[in-house]
Amino acid sequence: LSTVDPANPTLLHETQRWAADLRRRPAKVYDTAVTLRTLTGDRAQADLHIDYVGGGYKGAVDCRTRFVKRDGQWLYGGMAWQTLSDGRFLVKYQDRDEEWAQGVLSAAERAYEQVSHELPFAPDLPLEIELYSSPLTFRLSVMLSLPPWTRQWAEPGGAVKLVAQEDDPRRY
């Protein structure tokens with residue numbers, strides 16, 4: 001965890017939970033390969049490939065990630081997201097167009113308005129929503145031990161995570 005960027009508290013929280021799950025359910029195989037794509041000053045983007053076997057599951061994941069240099073040390077900064085925000089929500093997505101992400105942001109706003117009027121609850125803002133095209137990349141971001149049918153995840157201190165439905169990538 002010392003290589004995770006502490007400037008991103010959501011990523012740090014989620015990585016701590018992910019590592020705790022891996023300690024409870026160790027992977028039999030966990031191999032990584034990183035290919036540098038861009039390097040600009042104290043920022044880098046790389047393609048990450050992971051092969052894993054464990055918890056009764058086997059998979060391979062490819063995703064674009066980012067790294068930041070702080071105090072002379074390169075730190076993992078999470079996935080290289082495209083983002084949209086309205087102040088209340090921060091929608092993170094990859095491999096999709098901005099019009100599609102804007103639709104997700106609008107739906108989140110409508111749901112928030114309805115829920116906030118019916119329940120006495122005020123979450124910390126902005127609320128992060130991460131959208132995944134790949135169920136394997138989603139599981140990598142939550143816990144490798146999740147059953148493969150899991151398509152949604154939310155927890156205090158973390159982002160809301162959703163996987164696109166395979167038969168209709170505009171639905172979650």
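Structural data are supplied above this passage.
So, how was this worked out
- Residues numbered from 1 in each chain as written.
- Predicted model: local features only at pLDDT ≥ 70, side-chain atom pairs only at ≥ 80, totals over all residues.
- Heavy atoms only, no water.
- Helix = DSSP H or I, 4+ residues; strand = E, 2+ residues; numbered from the N terminus.
- Rg over C-alpha atoms; globule rule 2.2 N^0.38 Å.
- Pairing = 2+ DSSP bridges.
- Salt bridge = Lys/Arg side-chain N within 4 Å of Asp/Glu carboxyl O.
- Buried < 20%, exposed > 50% of the residue type's maximum accessible area, 1.4 Å probe, protein only.
- Contact = heavy atoms within 4.5 Å.
- Axes fitted to C-alpha atoms, helices over the stretch in contact; angles between N-to-C directions.
- Expected span 1.5 Å × (residues − 1).

Notes on the overall build of the chain
Looking only at helices and strands, the chain features three helices and nine strands. When the helices and strands of the chain are read in sequence order from the N terminus, they spell out α-β-β-β-β-β-β-α-β-α-β-β. Over its C-alpha atoms the chain spans a radius of gyration of 17 Å, differing by no more than 12% from the 16 Å that the globule rule assigns to 172 residues. Its C-alpha atoms give the chain principal-axis dimensions of about 45 × 40 × 30 Å.

A few points about the pairing of strand E2 (residues 43-54)
Sheet topology note: the strand E1 (residues 29-40)/E2 ladder contains 11 bridges and is antiparallel. Across the sheet, the residue bridging to Thr-35 is Asp-47, located in E2. If you look at the hairpin formed by E1 and E2, you'll find two residues sitting between the two strands, and Gly-41 has a positive phi there, around 60°. Bridge analysis of E2 against strand E3 (residues 57-70) gives 12 bridges, and the strand direction is antiparallel. Bridge pairing in E3 links Ala-46 to Thr-65.

Considerations on the pattern of salt bridges
On inspection of all chains with the given rule, the structure shows 11 salt bridges. With its nearest N and O atoms 2.7 Å apart, the salt bridge here joins Asp-5 to Arg-70. Residue Asp-5 is found in the segment before helix H1 (9-24), and its partner Arg-70 is found in strand E3; the two are separated by 65 residues along the sequence. Look at Arg-70 and you get partly exposed, because its relative accessible area is 32%. The closest approach of N and O atoms between Lys-161 and Glu-130, which form a salt bridge, is 2.6 Å. You can see Lys-161 sitting in strand E9 (residues 160-163) and its partner Glu-130 sitting in strand E7 (residues 127-132), a full 31 residues away along the chain. Using a relative accessible area of 1% as the deciding quantity, one classes Lys-161 as buried. The class for Glu-130 is buried, based on a relative accessible area of 5%. Through salt bridges that share partners, Glu-14, Glu-130 and Lys-161 make up one connected network.

Structural notes on the sheet that holds strand E6 (residues 89-93)
The strand order across the open sheet formed by five strands is E5-E6-E7-E9-E8, and the pairing between neighbours is mixed. Of all strands in the sheet, those bounded by a partner on one side alone are strand E5 (82-85) and strand E8 (152-153). Relative to E9, E7 is paired through four bridges, and the arrangement is parallel. Note on E9: the bridge partner recorded for Glu-130 is Lys-161. Contacts from helix H3 (residues 135-142) reach E7, E8 and E9 within the one sheet, and its direction differs from that of E9 by about 160°.

Comments concerning the sheet that holds E2
Taken in spatial order, the four strands line up as E1-E2-E3-E4 in an open sheet, and their pairing is antiparallel. Looking at the sheet topology across the chains shown, the edges are occupied by E1 and strand E4 (73-79). Averaged over all adjacent pairs, the angle separating strand axes in this sheet is 30°, with direction ignored.

Brief notes about helix H2 (residues 98-118)
Taking 1.5 Å per residue as the helical rise, H2 with its 21 residues ought to reach 30 Å, and the 30 Å between its terminal C-alpha atoms agrees with that figure. Of all the residues in H2, the buried ones are Trp-100, Ala-101, Val-104, Leu-105, Ala-108, Glu-109 and Tyr-112. In the core, the buried residues of H2 are packed alongside E5, E6 and E7.

Distances and angles like these do not, on their own, reveal function.
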